[in-house]
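Here is how the chains run, residue by residue.
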Amino acid sequence: MVEQYTLMLFVSVVRRAEPGWRPEKVWVRSAGAGWTAEHGLLADAESIRGGPATGIHVPRELLIQPMGRRVLAGGVGDDEVLADSEGFTGRLKHALGPLVGRVPLDIGLAAEIAGASPRTVRLWLHEEGSSWRRLLDEMRFEYSRSRMIRTDAKMADIALELGYTDASHFTRAFRRWTAMTPSEFRSRLRAPRD
């Protein structure tokens with residue numbers, strides 16, 4: 001299941017640059033990964049099983065294509081609605097969302113995804129009334145809120161996943177976002193409603 005999610009995440013990122021693209025070759029770690037032939041986006045791909053990592057082959061011409069405003073505005077299905085309704089800030093948030101809690105998010109990564117310089121990304125965010133810090137705070141809050149609702153994860157673990165070196169830094173940031181500590185927030189989320 002994790003391999004399927006990982007592969008589809010990879011494919012969705014590339015499809016932002018080239019809607020309709022399908023990988024020609026995929027690598028899966030599990031030897032019995034016959035599901036790739038049954039999956040619509042992976043059905044035509046050569047599947048190499050039992051490898052050291054999960055991955056997809058992306059042609060060089062797609063790798064060098066920037067994902068600036070034009071490309072981030074493209075998409076299929078739900079992405080079209082997102083592109084029309086949320087602008088660059090929403091699309092960048094959508095592109096970075098799956099990475100929250102998995103890799104450290106910084107303006108350099110956002111710039112790489114957008115195919116622009118960090119300064120240009122900050123300018124585009126500013127033009128839409130946002131900022132890198134505000135975007136990062138919103139994504140961190142949404143991630144922590146989701147983890148609090150769906151799991152019994154310790155606050156210290158959530159703080160580490162979000163890149164905080166100390167749980168007290170996470171608590172201060174969370175209080176800034178909600179005027180509550182993470183524990184108070186979780187208690188209210190789980191309190192029975194009348």
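Residues numbered from 1 in each chain as written. Predicted model: local features only at pLDDT ≥ 70, side-chain atom pairs only at ≥ 80, totals over all residues. Heavy atoms only, no water.

### As for the overall build of the chain
Along the backbone of the chain there are eleven helices and three strands. The helix and strand sequence of the chain, counted from the amino end, reads α-β-α-β-β-α-α-α-α-α-α-α-α-α. A fraction of 54% describes how many contacts in the chain between residues 6 or more apart in sequence connect residues 24 or more apart. (Helix = DSSP H or I, 4+ residues; strand = E, 2+ residues; numbered from the N terminus. Contact = heavy atoms within 4.5 Å.)

### Looking at the packing of aromatic side chains
What describes a pair of aromatic rings is the distance from one ring centre to the other and the angle between the planes of the rings. Applying the stated rule across the entire model yields nine aromatic pairs. Ring geometry for phenylalanine 141 versus phenylalanine 185: centroids 5.6 Å apart, planes at 75°, classification edge-to-face. Remark: phenylalanine 185 occurs in helix H11 (residues 182–190) and phenylalanine 141 occurs in helix H8 (residues 132–150); sequence separation between them is 44 residues. We classify phenylalanine 185 as buried; its relative accessible area is 11%. Judged by centre distance (6.4 Å) and plane angle (70°), the rings of phenylalanine 170 and tryptophan 177 are edge-to-face. Among the aromatic residues, those joined into a ring-pair cluster are Phe141, Tyr164, Phe170, Phe174, Trp177 and Phe185. (Phe/Tyr/Trp six-rings, centres within 6.5 Å; stacked < 30°, edge-to-face > 60°. Buried < 20%, exposed > 50% of the residue type's maximum accessible area, 1.4 Å probe, protein only.)

### A short note on the pattern of salt bridges
Tallying each qualifying case throughout the model produces five salt bridges. Glutamate 138 is the partner of lysine 93 in a salt bridge, and the nearest nitrogen-oxygen pair spans 3.1 Å. One end of the pair, lysine 93, is in helix H5 (residues 78–96); the other, glutamate 138, is in helix H8, and 45 residues separate them in sequence. A residue is classified by how much of its surface remains accessible, and lysine 93, at 19% relative accessible area, is buried. Classification of glutamate 138 as partly exposed rests on a relative accessible area of 30%. Residues glutamate 142 and lysine 93 are paired through a salt bridge, measuring 2.9 Å at the closest nitrogen-oxygen approach. (Salt bridge = Lys/Arg side-chain N within 4 Å of Asp/Glu carboxyl O.)

### Here we look at unusual backbone geometry
Outside of glycine, negative phi angles account for most residues, and trans bonds account for most peptide bonds. For alanine 179, which is not glycine, the phi dihedral falls at a positive 65°. Mapped onto the elements of the fold, alanine 179 is located in the loop between helix H10 (167–178) and H11.

### Observations concerning the packing of H8 against H11
Two elements in contact, H8 and H11, have axes whose closest approach is 10 Å; the angle formed by their N-to-C orientations is 55°. Put simply, H8 runs oblique to H11. Seen along the crossing, H8 lies across H11 with a hand that is right-handed. Here Phe141, Arg145, Arg147, Met148 and Ile149 of H8 come into contact with H11, specifically with Pro182, Phe185, Arg186, Leu189 and Arg190. Taken together, the residues of the contact of H8 with H11 break down into six nonpolar, no polar and four charged. (Axes fitted to C-alpha atoms, helices over the stretch in contact; angles between N-to-C directions. Parallel < 35°, antiparallel > 145°, perpendicular 65-115°, else oblique. Left-handed = near helix turned anticlockwise from the far one by under 90°. Nonpolar A, V, L, I, M, F, W, Y, C, P; charged D, E, K, R; others polar.)

### Here's the deal with the nonpolar core
Grouped together as the largest cluster of nonpolar side chains are 32 residues, with contacts concentrated most on Leu92, Leu96, Val121, Trp132 and Phe170. Counting only elements with at least two residues in this core, the list comes to H5, helix H6 (107–114), helix H7 (118–127), H8, helix H9 (155–161) and H10. With six residues, the single largest contributor to this core is H8. When near neighbours in sequence (up to four residues on either side) are disregarded, leucine 96 contacts Leu105, Leu109, Ala110, Ile113, Trp132, Leu135 and Met139. Membership of the second largest hydrophobic core comes to ten residues, among which are Leu7, Trp21, Ala45 and Ile56. (Core = buried A, V, L, I, M, F, W, Y, C linked by side-chain atoms within 4.5 Å.)

### Here's the deal with the packing of H8 against H10
The geometry of H8 relative to H10 is characterised by a closest axis approach of 11 Å and an angle of 100° between their N-to-C directions. The pairing of H8 with H10 is recorded here as roughly perpendicular in orientation. In this structure, H8 uses Arg133, Asp137, Arg140, Phe141, Ser144 and Met148 to contact H10, whose residues at the interface are Phe170, Phe174, Arg176, Trp177 and Thr178.

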